[in-house]
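So the chains spell out like this:
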Amino acid sequence: QVQLMESGGGLVQAGGSLRLSCAASGRISMINTLGWYRQPPGKQRELVASITGGSRIAYADSVKGRFSISTDNAQNTMYLEMNSLKPEDTAVYYCYMKTYDIHVDAEYDYWGQGTQVTVSS
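Residues numbered from 1 in each chain as written. Predicted model: local features only at pLDDT ≥ 70, side-chain atom pairs only at ≥ 80, totals over all residues. Heavy atoms only, no water.

Enquirer: I'd like a description of the overall build of the protein, backed by residues and values.
Expert: Within the protein one finds zero helices and eleven strands. Written out in order from the N terminus, the α and β elements of the protein read β-β-β-β-β-β-β-β-β-β-β. Projected onto the principal axes, the alpha-carbon positions of the protein cover approximately 50 × 25 × 25 Å. Residues classed as buried in the protein amount to 40% of the 121 residues present. Across the protein, contacts joining residues at least 24 apart in sequence account for 55% of those joining residues at least 6 apart. Looking at the protein, you have 10 positive and 11 negative side-chain charges, and the mean spots of the two groups are 4 Å apart. (Helix = DSSP H or I, 4+ residues; strand = E, 2+ residues; numbered from the N terminus. Buried < 20%, exposed > 50% of the residue type's maximum accessible area, 1.4 Å probe, protein only. Contact = heavy atoms within 4.5 Å. Lys, Arg positive; Asp, Glu negative; His and termini not counted. Charge placed at Lys NZ, Arg CZ, Asp CG, Glu CD.)

See the structure below:
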């Protein structure tokens, strides 16, 4: 079982920056995908950024050039650096991990509890 814990959310003015962290703990097998999702008020959860296969990085068009996803493997921590924040970035942000257990040939999805990011205009 894997536990993910986000931190770093808060209230920031438009144009400001925040860095979200996601610390992973527990029994972590092979990691397929790491990612950040967000759920704006009244909307569905959407992908913000992801790292697949350890190196393939993808971003939602709405955050390209402003957000950056990274990892510190030694600390089992994932980050989302958010710059030039806009009011439309306001959402609950969730970190995500997909793992693969070779012993049972199965994939598992894990989610953090979410952290609120509010961008004021």
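So, next bit.
Enquirer: Describe the pattern of salt bridges, and please don't skip the residues or the numbers.
Expert: Where charged atoms of side chains with opposite charge meet at close range, the side chains can pair. Enumeration according to the criterion identifies seven salt bridges in this entry. The partner of Arg66 in a salt bridge is Asp89, with the nearest N and O atoms 2.8 Å apart. Within this pair, whereas Arg66 is found in the loop between strand E6 (56-59) and strand E7 (67-72), its partner Asp89 is found in the loop between strand E8 (77-82) and strand E9 (91-101), the two being separated by 23 residues in sequence. Here Arg66 and Asp89 have matching classes, each one buried. Salt bridges linked by common partners bring Arg38, Glu46, Arg66 and Asp89 together as one network. (Salt bridge = Lys/Arg side-chain N within 4 Å of Asp/Glu carboxyl O.)

Enquirer: So what's going on with the packing of aromatic side chains? Residues and values would help.
Expert: One pass over the structure, following the stated rule, counts three aromatic pairs. Judged by centre distance (5.0 Å) and plane angle (65°), the ring pair of Tyr37 and Trp111 falls under edge-to-face. Placement of Tyr37 in strand E4 (residues 30-39) and of Trp111 in strand E10 (residues 106-111) is noted, with a sequence separation of 74 residues between them. Measuring from ring centre to ring centre gives 4.8 Å for Tyr96 and Trp111, while their planes differ by 45°; the resulting arrangement is tilted. (Phe/Tyr/Trp six-rings, centres within 6.5 Å; stacked < 30°, edge-to-face > 60°.)

Enquirer: Tell me about the state of the cysteines, and name the residues and values.
Expert: Within the structure shown, the criterion is met by one disulfide. The residue that forms a disulfide with Cys22 is Cys95, at a sulfur-sulfur distance of 2.1 Å. Between Cys22 and Cys95, the S-S dihedral sits near 60°, and the bridge is therefore right-handed. Taken together, the positions of Cys22 in strand E3 (residues 18-26) and Cys95 in strand E9 put the pair 73 residues apart, joining distant regions of the chain. (Disulfide = S-S within 2.5 Å.)

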